[in-house]
Amino acid sequence: LLREDFDVVVVDLRMQEMDGMTFIHEARKIWPWLGFLIMTGHADDESTRQAAVLGITRILQKPIPAALLQQGVLDEVRERQDKLRVTTQTLEQNQYQLRVLGQLSEAALSAESPVEALRKLSAGLGELLACEVVGLLGVSTDERIIMLNVQRPVAKGFLDRVEQEIIARYAALSGKKMAPTDVRIQVEGKPCDPNGAAVPGNILTVPILS
């Protein structure tokens with residue numbers, strides 16, 4: 001999903017390492033417009049409710065005839081395409097943002113150290129996105145660093161919440177637990193302000209694989 005473009009993902013509810021609902025929840029954060037079709041031999045009211053919350057209505061009970069699966073995929077594609085009628089202005093804005101992201105990636109790749117790469121990337125993203133804080137987790141064989149680049153003054157509790165969310169998302173995506181004591185925290189940008197926002201209103205998480 002990070003490297004290829006897809007119209008629809010067919011997901012089983014029970015998979016190794018990560019269950020289907022968790023996978024869908026994380027995938028939707030990366031590509032909100034992606035279509036999903038669930039196939040399962042274990043459908044129940046709770047899984048149907050969870051799917052509905054995520055905007056998924058197509059759940060097929062195993063065993064599934066090939067023609068029914070094919071029709072479900074095609075219907076999902078058509079429905080998604082109808083929802084993706086975007087204006088020229090939106091496309092131009094997306095193209096600009098993608099171009100800037102490409103430039104940020106080049107700057108990060110040319111950095112002399114992982115810390116410097118995180119610093120350049122977080123500072124650039126802070127200028128590109130309307131946000132209070134950009135947080136990046138860098139995981140290598142040698143160390144684990146969370147770089148918090150503060151764009152607007154926030155309370156210390158705000159940064160603590162972002163740190164916790166990053167560690168939780170890493171665990172959900174990788175299946176690997178990471179203790180806060182195993183991570184080095186580095187704060188850049190504006191100083192904390194007790195009168196600033198104490199709790200993030202919205203957190204967007206995007207995994208990047210090197």
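Everything below is about the structure shown above.
Anyway, here's the lowdown on the structure attached to this text. (Residues numbered from 1 in each chain as written. Predicted model: local features only at pLDDT ≥ 70, side-chain atom pairs only at ≥ 80, totals over all residues. Heavy atoms only, no water.)

### Remarks on the sheet that holds strand E4 (residues 133-139)
Strand order in the open sheet made by the 3 strands is E4-E5-E6, with mixed pairing throughout. Because the sheet does not close on itself, it has two edges, and the strands there are E4 and strand E6 (184-189). Taking the axes of each pair of neighbouring strands and ignoring which way they run, one obtains an average angle of 15° across the sheet. When E4 meets strand E5 (residues 144-150), the two strands line up antiparallel, connected through 7 bridges. Bridge pairing in E5 places Leu 136 opposite Met 147. (Pairing = 2+ DSSP bridges. Helix = DSSP H or I, 4+ residues; strand = E, 2+ residues; numbered from the N terminus. Axes fitted to C-alpha atoms, helices over the stretch in contact; angles between N-to-C directions.)

### Section: the sheet that holds strand E3 (residues 59-61)
Strand order across the open sheet formed by 3 strands is E1-E2-E3, with parallel pairing between neighbours. Lying at the two open borders of the sheet, with one neighbouring strand each, are strand E1 (8-12) and E3. Going from strand to strand, the sheet's axes swing by 25° on average, the running direction of each strand aside. Where strand E2 (residues 35-40) and E3 come together, 3 bridges link them in parallel fashion. Pairing of Thr 40 across the sheet is with Gln 61, part of E3.

### Some thoughts on the pairing of E2
In terms of burial, E2 is a largely internal element, 5 of the 6 residues being buried. Where E1 meets E2, 5 bridges bridge the pair, whose relative direction is parallel. Paired with Val 9 across the two strands is Phe 36, which belongs to E2. Of the crossover connections in this fold, the one passing from E1 over helix H1 (residues 20-30) to the parallel E2 is right-handed. As a crossover connection, the stretch from E2 through helix H2 (residues 45-53) into E3 is right-handed. (Buried < 20%, exposed > 50% of the residue type's maximum accessible area, 1.4 Å probe, protein only. Right-handed = clockwise from strand over helix to strand, strands pointing away.)

### Digging into empty space enclosed by the protein
Summed over all chains, the structure comprises 1 cavity of 30 Å³ or more. Taken as a whole, the largest cavity holds about 40 Å³ of empty space. What lines the largest cavity is Leu 1, Glu 4, Asp 5, Phe 6, Trp 31, Trp 33 and Leu 34. Partitioning the lining of the largest cavity into residue classes produces 5 nonpolar, no polar and 2 charged. (1 Å grid on protein atoms, 1.4 Å probe; cavity = no way out; pocket = protein on both sides within 12 Å on 5 of 7 lines; lining within 4 Å. Points joined across faces, edges and corners; volume = space filled by probe spheres on them. Nonpolar A, V, L, I, M, F, W, Y, C, P; charged D, E, K, R; others polar.)

### Let's talk about the environment of Gly 20
Inspection of the secondary structure assignment puts Gly 20 in helix H1. Classification of Gly 20 by relative accessible area gives buried; the value is 0%. With 18 residues separating them in the primary sequence, Gly 20 and Ile 38 have C-alpha atoms 8.3 Å apart.

### Details of the nonpolar core
The biggest cluster of nonpolar side chains holds 15 residues, and the ones touching the most others in it are Leu 104, Leu 118, Leu 121, Leu 125, Val 134 and Leu 136. Where this core is concerned, the elements lending two or more residues are helix H4 (88-109), helix H5 (114-128), E4 and E5. A total of 6 residues in this core trace back to one element, the largest contributor, which is H5. Not counting residues up to four positions away in its chain, the partners in contact with Leu 104 are Leu 121, Gly 124 and Leu 125. Counting residues in each nonpolar core, the second largest holds 13 residues, with Ile 146, Val 162, Ile 166 and Tyr 170 among its members. (Core = buried A, V, L, I, M, F, W, Y, C linked by side-chain atoms within 4.5 Å. Contact = heavy atoms within 4.5 Å.)

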